[in-house]
Amino acid sequence: SSLAMGRLTGKYTAGTLPEGTRRFGQCDPEVMDRVNAELSRIGARYGKTNSQVALNWCIKKGVIPIAGAKTAAQAQENAGATGWLMTDEEMQALDAVSLPGKANFWQGSSD
């Protein structure tokens, strides 16, 4: 998913990984924390959540994100990713902490 199975929402941290069947594969929790910290920093500037910033990051990269939503509230939150764009400097900051070139990293692949 565009939100990497919840990894980019701020819901999980190195100290609060999900239980059960959710596979986090090769995802280094410390990298996840660094990315979420940057998403939060950018979000604070725009009044946006980590999820909205992560989806906007995809949009700014020219990708059409298809974010899953279990509730109407999640769908409405996801819609907050549109109507604004982060700066090139903010894009570079996210790219720097997100392991560039490892597109499948966030999906649990070993690539």
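Residues numbered from 1 in each chain as written. Predicted model: local features only at pLDDT ≥ 70, side-chain atom pairs only at ≥ 80, totals over all residues. Heavy atoms only, no water.

With that out of the way, let us pick up the pattern of salt bridges. Counted under the stated rule, the structure contains 4 salt bridges. The partner of E38 in a salt bridge is R41, with the nearest N and O atoms 2.5 Å apart. Taken together, the residues E38 and R41, both in helix α1 (residues 29-46) and 3 residues apart, mark about one turn of the helix. The class of E38 is buried, set by a relative accessible area of 13%. R41 gets classed as partly exposed once you look at its relative accessible area, which sits at 48%. (Salt bridge = Lys/Arg side-chain N within 4 Å of Asp/Glu carboxyl O. Helix = DSSP H or I, 4+ residues; strand = E, 2+ residues; numbered from the N terminus. Buried < 20%, exposed > 50% of the residue type's maximum accessible area, 1.4 Å probe, protein only.)

Let us look at the packing of α1 against helix α4 (residues 88-97). Relative orientation of the contacting elements α1 and α4 amounts to 165°, with a least axis distance of 9 Å. In terms of orientation, α1 lies roughly antiparallel with respect to α4. The handedness of the crossing between α1 and α4 comes out as left-handed. When α1 is examined against α4, the residues V31, R34, V35, E38, L39, R41, I42, R45 and Y46 are found in contact with a partner set consisting of E90, A93, L94 and V97. When grouped by side-chain class, the residues that make up the contact of α1 with α4 number 8 nonpolar, no polar and 5 charged. (Axes fitted to C-alpha atoms, helices over the stretch in contact; angles between N-to-C directions. Parallel < 35°, antiparallel > 145°, perpendicular 65-115°, else oblique. Left-handed = near helix turned anticlockwise from the far one by under 90°. Contact = heavy atoms within 4.5 Å. Nonpolar A, V, L, I, M, F, W, Y, C, P; charged D, E, K, R; others polar.)

The next thing to look at is the environment of N36. In this fold, N36 is placed in helix α1. Overall, the relative accessible area of 6% leaves N36 in the buried class. The spacing of N36 and T9 is 27 residues in sequence and 7.3 Å in space, taken between C-alpha atoms. Within the structure, N36 has its side chain in polar contact with the side chain of N50 (distance 2.9 Å). (Polar contact = N/O pair within 3.5 Å; in protein donor to acceptor, adjacent residues only side chain to side chain.)

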